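Chain and residue survey
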Amino acid sequence: MDSSSNQTPFQRAWQEYVAQLPPKKKQRRFLMNCARAIQDRSDDSPASAINDAISAAEKKHSMQPSRRVIRKYIEPVINVLRDFDAIISTLISADPMPTAIIWGALKVIIDGLSRFSSLFDTIKNELRSLRDQLEHITDHEILYGKDDKMQRLLCQSYFNIIRFWHRVDKECDNCGFALLKTVTPFSTKKLNSIIEDMQHDAQEIGKRASMLQAIESRGEQGENAIARQEAADERRKAEDERQAQHKFREERRREAPGERFNSLCSLLSSLDTNAPNILRREKHLHNCLPGTCEWLLDHPDFVAWSSGTSSSPVLWLHGPPGSGKSTLCSSISHMLSSRLDTVAFHFCDFAQQYKPFEILRMLALQLLCKYWTDSQNIPKELSDVAQATPSVLENVQNMIKVLVKNQPKVYFLLDGLDEETTGERWKDTVDVLQFLIQLTNEFPTKIRVWCSSQPRPLIKTELEGYTDLDISVHVKKDIAFYLTKAIPEAEGLESLDKGKFLQDLQERAECSFLWASLMISELQGSPTSLREMKQLLERGLPSTLLDYYSLFFRRFKKPLRPLACKLFALIVFARRPLRLLELQEAIWCLNSKSSGYLNPEDKPFLKQLHEVSQPLIEMTRVAAPQAVDGQEEYTCRLFHSTLRDFLMEHPNILCEAGDPLIDLHICPRVAVDACLFYLCQTRYAKLLVRREGRWIDATGDPVDNQNFLVYAAKYWDKHLDDAPEDHKKELLGRLETFITSPNFQTCIQVQSLWVELQFCIFRTSDSDERCRFLRRVFPSWFSRDTDVGVKLWQDYRRFLHEWKYFLSCGNCHMAEPKCGVLPYLGQLNRIWFGALGPSNFLSQLRGHYSSFVFQVEDELKSGGWCLFDGVGDDGSTLMVLRIQRQSSEGQMLEFSCETWSLSGQQLPVKEKCQIIRESPELCDWPLYIGNAIHLPLRVGKAPPAAFSTDCQTLRIGTKLFMKDTAGNFVALPRLPLHPRQSCAYVEEFCRRGRFVVVTSRTKLSAKDVTSEDLDVVEVKPSPAGRSAIGRQKDPSCSSDDESAEDSSSESEIDTESEDDGYESWSDSSTMFSEDYIFDDDMITPWADHFRDENEGPTSSDSEVDSDFDEARIESDSGDEDVPPSAFGYGRTRNEDDYDWDQDYLSGEDGYRHYGRHGPDTQQSHATITIFDARASHEGAQLFHLTRPLQSKVYGSPPIIHPTRPLVVWPLGAGDVLFVDFMDKSYFVRRLRPSTLHTRHIFMKCQFSACGRFLHIVALEGQQPAKKKHSAEQKTIGIAVLVSTYRLSRTKTSRSPPTLVHRLRVKLGSTESLSVTKLPYTVTWTPKDVYVTRSDVVLRAHRIPLFKQEKEVQEDEDIVLMPRKPVFLPESALNRQVHYFPSKSSSDGCVESTGRIIISSETRKQIKEAQELEYGVEFGTIGRTFVGQQGEFSPAIGCHVNEEVDLGGWGKSYDTTEIPGQLGIGCLDRRLERFNPDDDCDLEPYIY
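Residues numbered from 1 in each chain as written. Predicted model: local features only at pLDDT ≥ 70, side-chain atom pairs only at ≥ 80, totals over all residues. Heavy atoms only, no water.

1. Overview of the pairing of strand β30 (residues 1206-1212)
Note the following rule: Buried means the residue's accessible area, taken with a 1.4 Å probe over protein chains only, is under 20% of the maximum for its type, while exposed means over 50%, and partly exposed covers the values in between. Going along the chain from the N terminus, every DSSP run of H or I of four or more residues is numbered as a helix, and every run of E of two or more is numbered as a strand. Two strands qualify as a pair provided DSSP detects at least 2 bridges between them.
Burial within β30 is extensive, with 7 of its 7 residues counted as buried. Relative to β30, strand β29 (residues 1199-1200) is paired through 2 bridges, and the arrangement is antiparallel. What sits directly across from isoleucine 1200, in β30, is valine 1207. Taking the residues between adjacent antiparallel strands as the criterion, β29 and β30 are bridged by 5 residues. Hairpin connection from β30 to strand β31 (residues 1215-1220): 2 residues lie between these consecutive antiparallel strands, with alanine 1213 at a positive phi of about 55°.

2. Topic: unusual backbone geometry
Residue proline 615 follows glutamine 614 across a cis peptide bond; omega there is -5°. Not every positive phi belongs to a glycine, and cysteine 951 is a case in point at roughly 60°. With respect to the element layout, cysteine 951 can be found in the loop between β17 (945-947) and β18 (953-956). Owing to a relative accessible area of 1%, cysteine 951 belongs among the buried residues under this scheme. A positive phi angle, near 55°, is found at alanine 1213, a position not held by glycine. Structurally, the position occupied by alanine 1213 is in the loop between β30 and β31.

3. Brief notes about the sheet that holds strand β6 (residues 578-579)
Sheet architecture is open: 3 strands sit in the order β6-β8-β7, paired in antiparallel fashion. The open sheet has two edge strands with one neighbour each: β6 and β7 (617-621). Pairing analysis gives 2 bridges linking β6 to strand β8 (residues 634-638), with the strands arranged antiparallel. Paired with leucine 578 across the strands is cysteine 636, a residue of β8.

4. Some remarks on the packing of helix α30 (residues 742-754) against helix α32 (residues 787-808)
Cut-off, in case you're wondering: The angle between two axes is taken between their N-to-C directions and runs from 0 to 180 degrees, where each axis is a line fitted to C-alpha atoms and a helix contributes only its stretch in contact. Throughout this description, any angle smaller than 35 degrees is read as roughly parallel, any larger than 145 degrees as roughly antiparallel, any in the 65 to 115 degree range as roughly perpendicular, and the remainder as oblique. Each crossing is labelled by how the near helix is turned from the far one, with a counterclockwise turn of less than a right angle marking it left-handed and a clockwise turn marking it right-handed. Residue contacts follow a heavy-atom distance rule, with two residues in contact if any of their heavy atoms lie within 4.5 Å.
One way to put it is that α30 packs onto α32 with a least axis distance of 12 Å and a crossing angle of 40°. On the basis of the axis angle, α30 is oblique to α32. Judged by the twist between their axes, the crossing of α30 over α32 is right-handed. Residue-level inspection shows Phe744, Ile748, Gln751 and Ser752 of α30 in contact with α32, the latter providing Tyr796, Phe799, Phe806 and Leu807.

5. So, the pattern of salt bridges
Rules: Salt bridges, as used here, are contacts in which a Lys or Arg side-chain nitrogen is within 4 Å of a carboxyl oxygen on Asp or Glu.
Under the counting rule described, the total for this entry stands at 39 salt bridges. The salt bridge partner of arginine 236 is aspartate 233, with a shortest N-O separation of 2.3 Å. Note that arginine 236 and aspartate 233 are positioned in helix α9 (residues 189-268) at a spacing of 3 residues, about one turn of the helix. Relative accessible area serves as the criterion here: at 46%, arginine 236 is assigned to the partly exposed category. You can call aspartate 233 partly exposed: its relative accessible area is 22%. With a shortest N-O distance of 4.0 Å, aspartate 717 and arginine 776 are connected by a salt bridge.

Distances and angles like these do not, on their own, reveal function.
As C-alpha cells, this is what we get:
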C-alpha cells in the first residue's frame, strides 16, 4: 500500500512545494534558517520565540525609528498569525515542520532588522493587506476547517505567507548589498503579486464556505427533527428509569424483611433442625386415639397454668414409663397452636445428644417462624443481636428474649427429660431449663414452661417449688378406653367374658400405654380365633415390660439371632439414629469381617432387616435421595427408652447356654468392629479423588452410596471409648495398625469433607481465655494411658497445629464463599506430610509435593530448647544453631551448629555438626535472653544468635565467629570497644574477608538492664577491653553513677568527637548525567510532598518533630519556650513528626505500647563500627560513627561492596549511610517514602555481582488517614519500593548513586507487625528480587531489578506472581517464608524446580501456676502453640515445579503507579533541621 495515501493534503502539498525548489537556491537555505530559528528555542512556543526576538530588536534599536515601526506594523500581524496558526496546527498536528517554518520566517526577518531598518515602513500597506487576508481566512477556517477542499485552500495560503516573507528577506539582502554602492529603492512589486494570490485564496475560501453553509442549512432541518425525536426518547427513557428505580426501591423495601428472615433461618438451621421434633410430634398425634388425653384440659392445675392465673409458670407432668407423656405433650402443643398461641417444643431423645445451644436454636427457629407468619416482619433488634457476640449460645439466648418480648404469650414444652439424666447430658439439659426459668422471671406474664418426664430425683430437685402433676391415676381411664377400641374381636365375647377379658388386660397394663399396645399386638398377631385368644389369656401374658422383652428376644429363630444381635447392638450403641442403609452396610462389613473388602455374598437382605426389627424398632421414612437399587431410606430407632435400658442390662439375651462358640452379646464391640473393618477396606488405602463433580475411591466407585463411610469416620473413636477393659489390649494393636496406615489419611479426608466443625477451634465460657479446644479424635484411654497412643496423639496434634485451617475450611460454620481453600477442599495431597518430621507417623503418607524437614531424628528429646537458623543467599545452605544447655551459675553455654545442604530435588543432607562452647559473660549473653532488658527495648530486640546472609559468619551474643576452610566456625579476634562506648550490643553485622561491620540502632546502657531475671546486672569493662555482664551481690545502685551515665549519654548525643570518620560532600556526582532517566522527577530540597491536602485544624502546627521535643526536654528548665505563634505559617516535615512504631510494631513477646511518643526517641541511636579482624590480635578499628535516629528500621543489615571499601547501611527514617572505611569518610542520603503518612519498616540492600549497581528493597508501612467523626483505624498498608542505582565507576565510595529503575508493589494491610521476625523476606537473583510474605499460601512477588526493554516489556509482565496456590503450614503465619526460584544448571539448561524454605518456630514456655488441660492449644498475642510447652519446630522446606505446581508466573495487579515530580526513589540530601532557638530571627511580614 502506498504510504502517500496516509498523508494529509497539506503534507502532500508541502512536499510538492519543497520539491519544486532548485536544490542550490537560496530558498532552501531560507527554509532551513527559519526552522533552525525556532528549533534553537525548542523549549518555548513559536510565539514566545517571536516575542523574545521583538524585544531584542526593540532594545537594539531603542534609539532608532524602527522601534516605532515594529509596534505599529509587526505586532498586528503577529496577533492575527497566532490565531491562524492555532487553527492550522490542529489540521497538521502530525507534522510540526510547516508551522515552524512560518514562525521561523518571521523571526528571521525581525533578526535582520538591522540590515534594512526602513523595511517595514516601506511595506506598511502590504502588511495591512496581509493582516486583513489572514483574518478573513481564519474566520472561515474556524467554521469549515474539517472539509478536505478547505484544508487544501488553507495550506495554499500557508505557502503564500512563506513566499511573502521569503521575498521580504530577499529584498533585504539585495538592498543591504546595494547600500555599499548606491542607494537602491525597495521593490514591492512582487510582494503585491503575492498579496493578490492570497486575496484569490481568500475569495476561494469564501466561496467554499458559502457552499458548505448551504449544505449545512439543508441538513439542519432533518438533524433538528432527529434531535427532537431523540430528546423525546431520552425523556421517555429517563421517566421509565425513574419509575423502574422507584419500583425497585419499593420491592427492596418489601423484600428486606424476607431477606432478614431467610438470613436468620439460615443462621439457626443446621444439622440439628426441627425435623426430628416435628416427625415425633406427628407420630404421637397419629397414634393418639380420639377421646383420650381430654382429661388434662379440665384439670385445674393445667387450666391455671395455661391461662396464666397460676403463680407457678412451670408445670411438671410425670408418670411411669409408657404412660403417654409424649402423646400428652404433642396433644397440648397441637391444641395451643390451634388457639394461635406461640408454641416451641422439644422432645429429648436418648439416641441423639444435643448441646444447649442446639436445643435453644431449635426453639428459637420455631419462635421466629411463628413471628414471621403473624407479622411478616423482622424487628431490627433481632438482626442486631443475632451475631453480636462471639458466643453462639449467648446470641441464641438474646434472640429468644427479643422474640419473646414481641409476642403476647409463649409456651415452651420440653418432653422426655428423664432421657437426659446421665452425666454431661443432664448438665446440658439443666442449662436449657434454667434459661427458660430465667425467662419466666423476666417475663412473668408471657412465659409458660411445660416439662414431662419420669419421676426422677434429679428432675424433682431441679423443679422443686413448681406445680407438679402425677398422671398415673388419670391415664387408667384412657387405657381402658384404648383397650376397648383397640380389640374389636372382643365384641364377639359374651358380656360377662368381655368384661372379665378387658378388666384382666387393664389390671396388667395399669397405667402403661406401652405395655397395652404391646399386648394388643401380641393378641392380634398370634391367636386365630376367640378361643385361642382366651387360651392365651389363661396361660398368662407377660406381667411387665421386662418380661415381654425377654419373651420377644427368646422367640427369635436361631438363624436370625446373629442378625438381630448386630442390628440391635448397632442401634443401642449408636451415637446418633442410624439409617437403614447404613445399618445394612455395617452388618455387611461385620459379616465380611477383616477380608479388606465387602463380599457381595455377605450383604444382608433388607427384607430380613425389616422382619427382625418389628415391632421394637421404629422405622421413619426420610426425604432423602434413593439408593442405587431404588430402596427407600428409613431412620431406625428403638421404639422406647425402656428397651435400651433392658438391652444394656441384659446383653446376653440372645445367647444360648449350649452353644458358647457363637458370640451373640449385644455390646459396644459390635459397633467398634463395624467402624474399624469398614475404614480398613483396601478401597480406602488411597485418597478419594474428585472426578466430574463426584468423589470416587481407589476402585473407581463413587462414595455417594457408601452409606456407612461418614458415620464410621466421625464416630469410630467414640465407640472405642466404650470398649471394655479386657478388650482394650486386643484393640491396641488394631488401633496402631489403622492409625499408621494410609486408610487413616482417607479417614481424615472424609472428616474434612463431610463432618461439620471437625477441625475447628472451640472455646468454653468457663475456661481460661487462652485455652482453645479441638475435637478429640483418638479414644481417651488410648491417647492418655498407652505409650504408643501418647506418641501418635502428639504426632497427630502437631499435624493439626499446622494444617487444621486447611482441613476445616468449607465445613466450618463460618465458611466464606470467596475462601481460597474452598476450590481445593479435600485435596489432602497438597499437605506437606514430609515436613512433619521423620519420626511423625503421618510423614510416611503420600503427598503431591516433595517436602522435607531439617531434622534427622526426633530432636525434641535431644535436650535442645531453642534454635536459630540462617538460610543461604541461594537456598542451597541452611545453618541451624541449637542451644543444648542453658547457662546457670558457673556453667558454659553449649551449642550445636548444624550445616545442611540442598541440591536439586534431593532431600537435605546434614553435612556437619559442630559443638561450640562459650562463656555467657564473654559474649554478653544475658543482654539478649529473658527479661534482662527493659520492656520497651524488647521491641525489635536482636535475637541471642544469628547468621549472616551468606551463612559464613555467626554471632552468639556479641561474639562473632567465621567459617574456616574446613567449614567450622572459629571465633574472630576480640573487637575492642570505642573509648566512649559503655556497653557492647550488636544487632546486625556483615563481613567480607577480614573486614567486619557491626551495627546497632539501640543505645544500651547499665540503666536499661533490669534485674527481673538476674539479681542485679552490672555493665563493666572486662580486662580485655570488652564489656561484660555479671552478677552483683550488692543490689544498691549509686545515684552518682546514674548521673554520670546520664551525662555521658547526653554528651554522646551532642557531640561527634568520638566518631572516627568525617562527613564529606559527594565527589563528581553522576546524579544529573545526560542519560539520567529520572531528570523530570527531581524535586527541590524544600518541596514537601508529604503534606496532606485534606488536613484540617486537628493537625496543627504545634506538633513539632521529636528532635525539637528532645531538645526542649534536655534544655534548662529556666529557658522560655518558643511561642507557638512563631510557627504560625511554618511547617516541619510531618513524615518524621509522628513515630508510630509502638502503635503497630511488636516484638517477639508481642509487646505493643499505644502512645504518641515511645521510648524510641530516647533510645534510637545508630552505631556502626568497622574492623580489620586480621590487623592485630584484638582487631583494628577502621571506622566508628554514632548518631541519633528519628525512627528505626528493622532487619536491615549493612552490606560491603564486593571490591571497593564501601559499606552501605540503612539508618532509619529513610536515611542511608555510605561509608568509605579506608578514607574514613561518609555521607548520608535519604530515600523518600512513596506515599503520605508512610515510614520504612526495613530496607534491604544488595550490590550486584559486578559491583556496578546498588539495589534497595524498602518495605513501607502507611498509616491510615484519620477521618473526622470516625473511630481510629489500627491497620497499616504495606507496600514495597524496589530501587536500583548505578554506582560511579571511578569514585564508587564517594559519589552518590544514580537512580536507574524503581517499582512499587502493594502487599496488602495488617494490624501489626512482629519486627523481631518480620513476616517479609527478600531473595535476590541477578535480574529479579523475590519478596515473600508469611502466610498460609505462598505469596511471592517477582520484581525485576532493571528496567525492561520496550519491546520485551510489551510481551512480558513487569511484576509477576504464581498463578496457582501452594498451601503452607499454618505456622508459616509466624515464621519467615523464603522462596528461591529455579536456576540454570551447569550445562546451561534452566531448571523449573523452585524451593520454599520456612524458618524454624520456637514455642513460648508459658509460666503459669495453673495447670491447664492436656492437649489444649495456648494462644498468646495472636499466636497458637500446641501440646507440650517449650517445644520447637525445625525449619522445613518443599520443592515445587514452577510450571506444574505454581502454574508459571502470571501478571500481578498489585503494582502501583509512582507519581512524578516527587523524587520518590531518589537519594537526596537530608534537609538542615529547623532550630527554634537559632533560626527564629523574625521580622514583620508587611505587604
